[in-house]
Amino acid sequence: MELSRAGRRRWFGLAGALAGGVALAAFGVSQFAGAASPVSAPAAQEQNVVRATLPNGLRVILVRNTLAPVVATSINYLAGSDDAPAGFPGMAHAQEHMMFRGSPGLSADQLADIGSIMGGNFNANTRENLTQYLFTVPSEDLDLALHIESIRMRDVNDSDAEWKNERGAIEQEVAQDLSNPGYVMFEKLRQIMFAGTPSAHDALGTRPSFDKTTGAMLKSFYSKWYAPNNAILVLVGDLDPQATLAKIREYFGPIPRKTLPAHAAVNPQPITPSEPVVVPTDQANGSSILAVRVPGLDSADFPALEVLSDVLNSERSDLYALVPQGKALGTGFSLDPLDKVGMAYASISYPADADAKAATAELKRTLQKILQDGIPSDLVDAAKTQEERQAEFEKNSIAGLANVWSEAVAVYHLNSPDDDLERIKKVTVADVNRVARKYLDLDHAVTAVLTPRGTGRPVASSGFGGQESIALGEAQGTKLPDWAETALNRLNVPPSTVHPVISTLPNGLTLMVQPENVSDSVMVYGHIKNRSELEVPNGKEGMSQVISELFNYGSQKLDRLAFQAALDEIGAEESAGTDFSLQVLSRDLDRGMELLAENELHPAFPQQALDITRGQVARVVAAQLQSPGFLTQRALRQALFPKGDPSLREPTPESVRSITLDDVKNYYNVAFRPDLTTIVVVGNITPERAKAAVEKYFGGWTAAGPKPPTDLPPVPVNKSTVLNVPDASRVQDQVILAETIGLKRTDPDYYALDLGNAVLGGSFYSTRLSIDLRKNAGLVYSVGSDVNSGRTRGNYFVDYACDPQNVSKAGAMVLQELKHMQDAPVTADELQRAQALMVRQIPLGEASVRNISRGLAGRWDLGLPPDEPAIAARHYIALTPAEIQAAFKKWIRPEDMARVSEGPAPQ
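Novice: Help me understand the overall build of the protein in this model?
Specialist: Of the regular secondary structure elements, the protein holds 31 helices and 26 strands. Rg of the C-alpha trace for the protein: 27 Å, near the compact-globule value of 29 Å for 907 residues, within the 12% margin. Projected onto the principal axes, the alpha-carbon positions of the protein cover approximately 70 × 65 × 55 Å. Counting over 907 residues, the protein shows a buried share of 61%.

Novice: What exactly am I supposed to notice about the pairing of strand β17 (residues 510–515) here?
Specialist: Note on strand geometry: in a regular strand, side chains alternate between the two faces of the sheet. Summarising burial for β17: five of the six residues are buried, a large majority. In terms of strand pairing, strand β16 (residues 501–504) meets β17 through four bridges, oriented antiparallel. Across the sheet, the residue bridging to T504 is T510, located in β17. Counted between consecutive antiparallel strands, the loop separating β16 from β17 contains five residues, among which G508 sits at a positive phi close to 95°. Taken together, the six bridges between β17 and strand β21 (residues 677–683) define a ladder with parallel strand orientation. Paired with L511 across the two strands is I679, which belongs to β21.

Novice: Would you mind showing me how to read the sheet that holds strand β19 (residues 573–575) here?
Specialist: Where strands meet in a sheet, backbone hydrogen bonds hold them as pairs that are either parallel or antiparallel. Ordered in space as β16-β17-β21-β18-β20-β19, the six strands form an open sheet in which the pairing is mixed. Single-partner strands in this sheet number two, and they are β16 and β19. Recorded for the sheet is a direction-independent mean angle of 15° between the axes of neighbouring strands. Here helix α24 (residues 687–698) sits on the sheet in contact with β16, β17, β20 (579–585) and β21, set at roughly 145° to β17.

Novice: Before we go on, may I ask you to explain the pattern of salt bridges in this structure?
Specialist: Pairing between side chains of opposite charge can happen when their charged atoms approach one another. In this structure the tally under the stated criterion is 54 salt bridges. A salt bridge links E149 to R152; the nearest nitrogen and oxygen atoms lie 3.1 Å apart. One end of the pair, E149, and the other, R152, are both in helix α3 (residues 142–154), three residues apart, so they sit about a helical turn from each other. Look at E149 and you get buried, because its relative accessible area is 3%.

Novice: Would you mind going over the sheet that holds strand β13 (residues 341–351) with me for this structure?
Specialist: One open sheet holds the five strands; their spatial order is β10-β14-β11-β13-β12, and the pairing between them is mixed. With partners counted over all chains shown, the strands left at the sheet margins are β10 (277–281) and β12 (330–337), one partner each. Pairs of neighbouring strands in the sheet enclose a mean axial angle of 20°, with direction left out of account. Its contacts with the sheet put helix α9 (residues 302–312) on β11 (285–295) and β12, and the angle it makes with β12 is roughly 165°.

Novice: Looking at this model, I keep getting lost on the environment of A562. Mind explaining?
Specialist: Its location among the elements puts A562 in helix α18 (residues 560–570). Each C-alpha atom of the pair A562 and R316 lies 8.9 Å from the other, and the pair is 246 residues apart in sequence.

Novice: Help me understand unusual backbone geometry, please; the structure alone is not making it clear to me.
Specialist: Negative phi characterises most residues that are not glycine, and trans characterises most peptide bonds. Residue D158 is not a glycine yet carries a positive backbone phi of 50°. Mapped onto the elements, D158 comes out in the loop between α3 and α4 (160–178). Notably, F605 is not glycine yet its phi reads approximately 45°, a positive angle. Structurally, F605 is set in the loop between α19 (589–601) and α20 (607–624). Assessed through its relative accessible area of 6%, F605 is described here as buried.

Novice: How do you make sense of the pairing of strand β25 (residues 794–802) when you look at a structure like this?
Specialist: Most of β25 is tucked away, with seven of its nine residues classed as buried. Inspection of the sheet shows strand β23 (residues 733–741) paired to β25 by nine bridges, in the antiparallel sense. Looking at β25, one finds that I736 is bridged to D799. Across seven bridges, the pairing between strand β24 (residues 783–789) and β25 is antiparallel. Paired with G784 across the bridge in β25 is D799. The hairpin formed by β24 and β25 contains four residues between the paired strands.

Novice: Got a minute to help me understand helix α21 (residues 628–640) in this structure?
Specialist: Three or four residues apart is the spacing at which side chains of an α-helix point the same way, because the helix has 3.6 residues per turn. Here α21 spans 18 Å end to end across 13 residues, near enough to the 18 Å set by a 1.5 Å rise per residue. Among the residues of α21, P628, F630, L631, T632, R634, A635, L636, A639 and L640 are the ones counted as buried. Packing partners of the buried residues in α21 comprise α20, β22 (722–725), β23 and β26 (898–902).

Novice: Can you help me understand the packing of aromatic side chains in this one?
Specialist: The geometry of an aromatic ring pair is captured by the separation of the ring centres together with the interplanar angle, meaning the angle of the planes. Per the stated rule, a full pass over the model turns up 20 aromatic pairs. When the ring of Y796 is compared with that of F888, the centres are 6.4 Å apart and the planes differ by 80°; the resulting orientation is edge-to-face. Of this pair, Y796 sits in strand β25 while F888 sits in helix α31 (residues 881–891), and the two are 92 residues apart along the sequence. This pair shows no difference in class: Y796 is buried, exactly as F888 is. Through a chain of ring-to-ring contacts, the aromatic side chains of Y77, F100, F122, Y133, F135, Y222 and Y226 assemble into a single cluster. Above the face of the F100 ring, R152 is positioned so that its terminal group lies 4.6 Å from the ring centre. One Lys or Arg, R793, reaches over the ring of F641 and ends 5.0 Å from the middle of that ring.

Novice: What should I look at first to understand the confidence of the model for the protein in this one?
Specialist: Residues shown with low pLDDT carry predicted positions that ought not to be read at fine detail. When pLDDT is averaged along the protein, the result is 91, and 92% of the positions lie at 70 or above. Counting contacts from residues 464–475, a segment whose pLDDT is below 50, to residues more than four positions away or on other chains yields 27 contacts.

Novice: When you look at the layout of surface pockets in this model, what are you seeing that I'm missing?
Specialist: Unoccupied space between atoms shows up once a probe the size of one water molecule is rolled over them. Space inside the largest pocket adds up to approximately 600 Å³. As for the largest pocket, its lining consists of 24 residues, of which Q47, N48, A391, K395 and D418 are closest to the centre. Those elements that provide at least two residues to the lining of the largest pocket are β3 (59–64), α11 (377–393), α12 (398–411) and α13 (417–425). A total of four residues in the lining of the largest pocket trace back to one element, the largest contributor, which is α11. Looking at the lining of the largest pocket, its residues break down into 10 nonpolar, five polar and nine charged.

What counts and how
Residues numbered from 1 in each chain as written. Predicted model: local features only at pLDDT ≥ 70, side-chain atom pairs only at ≥ 80, totals over all residues. Heavy atoms only, no water. Helix = DSSP H or I, 4+ residues; strand = E, 2+ residues; numbered from the N terminus. Rg over C-alpha atoms; globule rule 2.2 N^0.38 Å. Buried < 20%, exposed > 50% of the residue type's maximum accessible area, 1.4 Å probe, protein only. Pairing = 2+ DSSP bridges. Axes fitted to C-alpha atoms, helices over the stretch in contact; angles between N-to-C directions. Contact = heavy atoms within 4.5 Å. Salt bridge = Lys/Arg side-chain N within 4 Å of Asp/Glu carboxyl O. Expected span 1.5 Å × (residues − 1). Phe/Tyr/Trp six-rings, centres within 6.5 Å; stacked < 30°, edge-to-face > 60°. Lys NZ or Arg CZ within 6 Å of the ring centre and 35° of its normal. pLDDT = per-residue confidence, 0-100. 1 Å grid on protein atoms, 1.4 Å probe; cavity = no way out; pocket = protein on both sides within 12 Å on 5 of 7 lines; lining within 4 Å. Points joined across faces, edges and corners; volume = space filled by probe spheres on them. Nonpolar A, V, L, I, M, F, W, Y, C, P; charged D, E, K, R; others polar.

Structure follows, in structure tokens:
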């Protein structure tokens, strides 16, 4: 399950708190990342929206979006961690987990199997005042999702036996977050900023409180807060609104309303001056934030604070200017709003060898100057324009739009997302300056710092548990309820809505156009087939990272600020590089395409920017070479690939500092060429208009000389090794088991191995690994496995996280299950469920414009046809247990799995 406060951009959460803008993204410098009315109401009609309130108080919002034959459901219970009993801060989170452990009439195994049958796309999250349960399913399976949610609203088991097993998993989730320095820092900040409120504790919970929690306590919490008159049901997708509403009335209508208790009072205490919060981090850069308390969502000043946040995050702001000035790797500004109180924080990221106090002082001086000079009116106008455009872009994802609606009505207590947009339109420059000066009280801000520290080198570790006898879960079929059985038996190739028009320009550029009309916008996604490991000259390692940053400095016609101003004028989102993109309103496509082509084909690459970027990258590389995350990835690569393999090349400070402007231009001329490029255009546009725009701005792009190599050489099989990378910031080990396999993506055996992987660990609750390691043993919070095959080589890997004393035991269970896949065929029930999962994931993969564009480009890169998902579905449906067993025997070598862990020494 997931703890989340992050929504779309203007719903602000912890996401992006110290994300460092776009700077040095290639290095991962980011550290982080009221009850309904009881009165029965008739359904209300809006454009593509149907609303109703059932007699029992359940509020229903249905939004029709026909991007794909998919529906996203979100049931929002208006209770969260703030409503937990004293001394039990994770009660709401624990109950969220237990909602997947069964209800009368629906066992945990049945729920897991049905979730997989519907495509495996389900989740939940707990916040201060809200607990959400989410499904994204093919439209034909919407009835199943509604059945599940109505059963869970009616009652839940909450047995001590089930809680005993689930407690192990949720405690591993606690360990996972406590191993994240960013989480630890923000938890400490919350205790200061939200002192005197229930939100002073995070929704996660603690191990000691979970150890004292009982099934009866959980059932009591459920009985108080889980009621139709304390819930909002949001559905978005390709649905028949009136028929769906009739089903909702049938399933949810008989559930009785409840008398709800009062929520806890919120009485924030004055912030007590404190020393800076300092937390060590395993990242390759440091970060500092300045946090202040701001009003909550109920304040009339909040819309102006939203605009202020947008302005300070603009790449034209004085705050972001610290990056191109070489004073920061990245900057940002975020809001963490609650109902009655909120927190705002500005952030700055810097190299590990920088002076944290000096960087924090620079951040404060910059903010003070902004407050003194005032917020520029053009940046306020740009922020408001971007908000309007964003409202249109949000229609391009079915699950994303469901999230936006849920946030608006259940968190912001608005009638619709448009309400927030309308109040933002009314914000003036004077409003923004007023709230900035009123609430950004920098002299009383709380400072928090993430301080990088190195770690030990990889060391040999204990093995996979020796000869310990471990009982694995039996692969037994689960009898499904009658209402779900029919769906399981429905196996067919799902109809696709993606049928691109494909053409090739005279310069070799491939163009794919997929018209969609769910919004008045267009997404352009370009991909250049490349392998920097093969294309960058020896001694110039780090080139791809440097050039990636240089694209942020505009074009030869427009410098950085002028280029961003041109994007702001049309509210467009744009990025350039080996992967480039544009999101723009349909009417502005021509101007947007012109700007994208200017940046991609005629980048500025100014010498001054190179001097600054080169120094920043070199300093990050120096720190990266000591960071546990990098050392873990290096150890894994060295365990899998032979000496001299191109994938083992890595930048050094010296190789980065040796890069000249001529080197950059030469690399650009080699790697960036039209005959290695595909552009996918998806949106409200005809193929003819899209082709005309691409030809106009990309048709003159030419390439000289032979194509560079873009295929890595095949590699021999690896041998088993066991390594641990010490990481003092973690309390839990992150573990990867991996091996090389000779399977290429175009090999016919790929589908058998991929389908078998779905049985083993390729989905959530119902897989063998999840049943063994999570459900039955409680050793891990999550475990997953994947087949990763490319054009010339492949690998197979399993990843999980657990306490140090369980690393080897869990690893031994994984190896036993891999051997079991080879020794015996999967059962007929397992096969049928895996087949249902895989074919239903196909329409789910087409439920956002982003997924459509990247899916088409990705298949082109691998040499697969555009309709490969339909081809895959036919393979999955036809496969037999014997073929899956044969594929695992042929390609998987359990005895050769390399194990690399990061964290405390495994026991």
